[in-house]
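These are the residues of each chain, in order.
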Amino acid sequence: MEKNTRSIRIECPKLLITRNESDLQWLIGSPFFPPLTIISTFRCIHSNSSGPDFPKESEEIRTLLLKGFDVIGALIVGKSDPEKTAERAVEAARKLKKLLTGTTKLENEETIGAVADPDTGDIRFFLSETESSTNFELVNPVSYGDNPEKFVWESGCLLLCQLPIKLPVCYPANKPSDAESIFSRAIEAVIAKFKDPNVVYLVKASNRASLDVVQPVILSGSELDFDAAVANIELLDESAQNSGKKLLRCAHFCLKSKSTSQLLSAENADIIQISVLLNRSEKSPKCSAPAVEYFPAMDETRLLIVDFKLEVLCYAVQGIPLMHAISKLIIPGLIDQLISMKKMNLPYLLTQHPELHPYHFCPPGIAHPVTVIYELNYGETEMKQVDARRSLHLRLGLPFDRPLLRIANSLDLSIKSRSSNLSTRKGSSLLKDVHIGIPGSGVSGGSVSLVQGSYEYYHYLQDGFDDSGWGCAYRSLQTITSWFRLQHYSSVDVPSHREIQQSLVDIGDKDPAFIGSREWIGAIELSFVLDKLLGVSCKVINVRSGSELPEKCRELALHFETQGTPIMIGGGVLAYTLLGVDYNEATGECAFLILDPHYTGSDDVKKIVNGGWCGWKKSVDSKGKSFFLQDKFYNLLLPQRPNMV
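These figures come from a predicted structure and were not determined experimentally. (Residues numbered from 1 in each chain as written. Predicted model: local features only at pLDDT ≥ 70, side-chain atom pairs only at ≥ 80, totals over all residues. Heavy atoms only, no water.)

Colleague: Explanation requested: the overall build of the protein chain in the structure shown.
Modeller: On a plain count of helices and strands, the protein chain comes out with 11 helices and 26 strands. For the protein chain, the C-alpha atoms occupy an extent of roughly 90 × 70 × 55 Å along the three principal directions. Per-residue burial for the protein chain yields a buried fraction of 51% across its 645 residues. In the protein chain, once contacts between residues fewer than 6 apart in sequence are set aside, the share between residues at least 24 apart is 71%. Summed over all atoms, the accessible surface of the protein chain reaches about 30,900 Å², with 50% contributed by carbon and sulfur. For the protein chain, the separation between the mean place of its 68 positive charges and that of its 77 negative charges on side chains is 2 Å. (Helix = DSSP H or I, 4+ residues; strand = E, 2+ residues; numbered from the N terminus. Buried < 20%, exposed > 50% of the residue type's maximum accessible area, 1.4 Å probe, protein only. Contact = heavy atoms within 4.5 Å. Areas by Shrake-Rupley, 256 points an atom, 1.4 Å probe, with all protein chains shown as cover. Lys, Arg positive; Asp, Glu negative; His and termini not counted. Charge placed at Lys NZ, Arg CZ, Asp CG, Glu CD.)

Shown next as structure tokens:
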């Protein structure tokens, strides 16, 4: 039966439809959004012969999914009876949600069961209104939002709670097997403290970019409300701002206005900092002196100190009262993260404890952040970490050739002001992405293919180093290296001229006398350095003369579309960095987007662009003159994007 009074709203770029029948995805929404709004999907990646492995799924999603978001349904790819498939999807979603919330019954919660055809990609959405209902109603219409970030962040904010804990665990030396149970009881005692009336929560704005001074607010555990369900919390409007600190809205700590669409993103969201403090000086009608109790150990005892670095990020709308934001979002988030870290510590309790740290990411295609706990005992390139990231890429539907979930990509939550447009590379004053906004190439009917991602512009005389006349290929290599840094494929510093020369000597390509010289290098040397320093392989294309470069336009366009890295063009004693091509396949007309390392002036974008140091160069201009010397042999160095996560 079709229910015309309801509709599904999808606020994510695209549901992850595959041709794999029985593929299962969890539909993510929020109690703060209108009902039946899907904001993202997580793929089910743990299953067995009987279906999803719910304990594994819940354990991972509990860490990954911020409080403030919920599983609101499931989608199954299949061609069998749609209503029966939808029933299976709803049943799976409810099982998962019970494990995530720790409840045995879901009261009056609507759940979506979606069925996708693997051949056509068509999706049908069914709705089950309550757990006891046997009816599955087909829901129409389905609408798609065109700006998920605006939908999430126009009235949304982030709650951040950082809490380091040093947990002492004493256990009998002759019964080390008791350590686990003692450790578990200690964790339970910490969890109980979060709801203790004597615990206080200090709330303050952490990234206001205005002149307003907002005083911190302190709420005690006795002022919190742990009974109300998140879906039943009454959101308050501005008129409630003077209702006392218990009903103070989160909006009190947020910017009053957001003037540009650029601010509507997780990176620029309002962040409310919440600190947990234990009040040991609560007023008492009876005066008493401090007391120390001594409990002597009857047997030899050993002491363990387990370090936890909790960092919980939650999503809330600005209208939610602070007391509910803390009791229904922050505290459950702290409990879940502590339990997750406890499970990760248990196998190593009596040996070397894993160094665990939560990081928050907002990968492309997902409008809300996700949280990942990484084990820092392992390097990022070790297989244990690579496999963990690969699993996350699979769950989130991310490509496997982009390092999107490396630590360097995590959200920087320490920045006080989000208005800065400086380079994201700490300490860097170099210009980035100078080609953005330049005039067009003038190629009629051409197809433009450009570098993907950011780079820094390196050119002659930078850093007070005089390399004019011989260092253009070195500068092009530095620009290429900066691309790999800024895309977080590598944390290796951009090498100096001397470091480039040293690496060529180290691999045996050059004699020691080469270090400190002004000897020119070309595409082959650049490929050696990229391989040694970054582990990047390169493709080299040989062109007999500049007049033949247009013949390579199709291949160059394919490179930018699939690899996206800057290219070095070297000919004679000249080297350039190529950032794109504009090519009309029908007429053969083409232009090359050149970033010229021979520039010797100050880092002024207008001066660089107006002077032609970054711009489109046609293969042949109106006077028949070529930018590239016609009789010069050219090598093109095409760095390949590593296939890595």
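Colleague: What's the story with the sheet that holds strand E14 (residues 199-205) in this structure? I'm lost.
Modeller: Across a sheet, paired strands are connected by hydrogen bonds in the backbone, their directions being either parallel or antiparallel. Read from one edge to the other, the open sheet built from 5 strands follows the order E15-E14-E16-E13-E17, with strand pairing classed as mixed. Looking along the sheet, the strands with just one partner apiece sit at the ends: strand E15 (217-220) and strand E17 (301-317). On average, adjacent strands in this sheet sit at an angle of 25 degrees to one another, irrespective of strand direction. With 17 bridges connecting them, strand E13 (residues 156-172) and E17 associate as antiparallel partners. From the neighbouring strand, Pro164 faces E17, where its bridge partner is Lys309. Packing of helix H4 (residues 179-194) onto the sheet brings it into contact with E13, E14, strand E16 (271-278) and E17, and relative to E13 it is tilted by some 140 degrees. (Pairing = 2+ DSSP bridges. Axes fitted to C-alpha atoms, helices over the stretch in contact; angles between N-to-C directions.)

Colleague: How should the side chain of His598 be read in this particular structure?
Modeller: By the element assignment, His598 lies in the loop between strand E24 (590-595) and helix H11 (605-610). At 2.4 Å, the side chain of His598 forms a polar contact with the side chain of Asp596. Excluding anything up to four places from it in sequence, His598 contacts Tyr460, Cys472, Leu574, Ala575, Tyr576 and Trp613. (Polar contact = N/O pair within 3.5 Å; in protein donor to acceptor, adjacent residues only side chain to side chain.)

Colleague: What am I meant to see in the environment of Asn198 here?
Modeller: Tracing the chain through its elements places Asn198 in the loop between H4 and E14. For Asn198 and Ser222, which are 24 residues apart along the polypeptide, the C-alpha to C-alpha distance reads 7.4 Å.

Colleague: What is the right way to look at the packing of helix H1 (residues 54-64) against helix H6 (residues 383-396) in this model?
Modeller: What describes two packed helices is the angle between their axes and the distance between those same axes. Packing of H1 against H6 leaves a shortest axis separation of 13 Å and a crossing angle of 85 degrees. Judged on the interaxial angle alone, H6 and H1 are roughly perpendicular. Together, Glu57, Glu60, Ile61 and Leu64 of H1 and Leu392, Arg395 and Leu396 of H6 make up the contact between the two elements. Split by residue class, the contact of H1 with H6 holds 4 nonpolar, no polar and 3 charged. (Parallel < 35°, antiparallel > 145°, perpendicular 65-115°, else oblique. Nonpolar A, V, L, I, M, F, W, Y, C, P; charged D, E, K, R; others polar.)

Colleague: Would you mind going over H4 with me for this structure?
Modeller: Helical geometry: 3.6 residues make up each α-helical turn, so side chains three or four residues apart lie on a common side. Here H4 spans 23 Å end to end across 16 residues, near enough to the 22 Å set by a 1.5 Å rise per residue. Along its buried surface, H4 packs onto E13, E14, E17 and helix H5 (322-345). (Expected span 1.5 Å × (residues − 1).)

Colleague: Got a minute to help me understand the environment of Ser537 in this structure?
Modeller: By the element assignment, Ser537 lies in the loop between helix H9 (523-534) and strand E21 (538-543). Those residues in contact with Ser537 that sit more than four places away from it in its chain are Leu638, Pro639 and Gln640.

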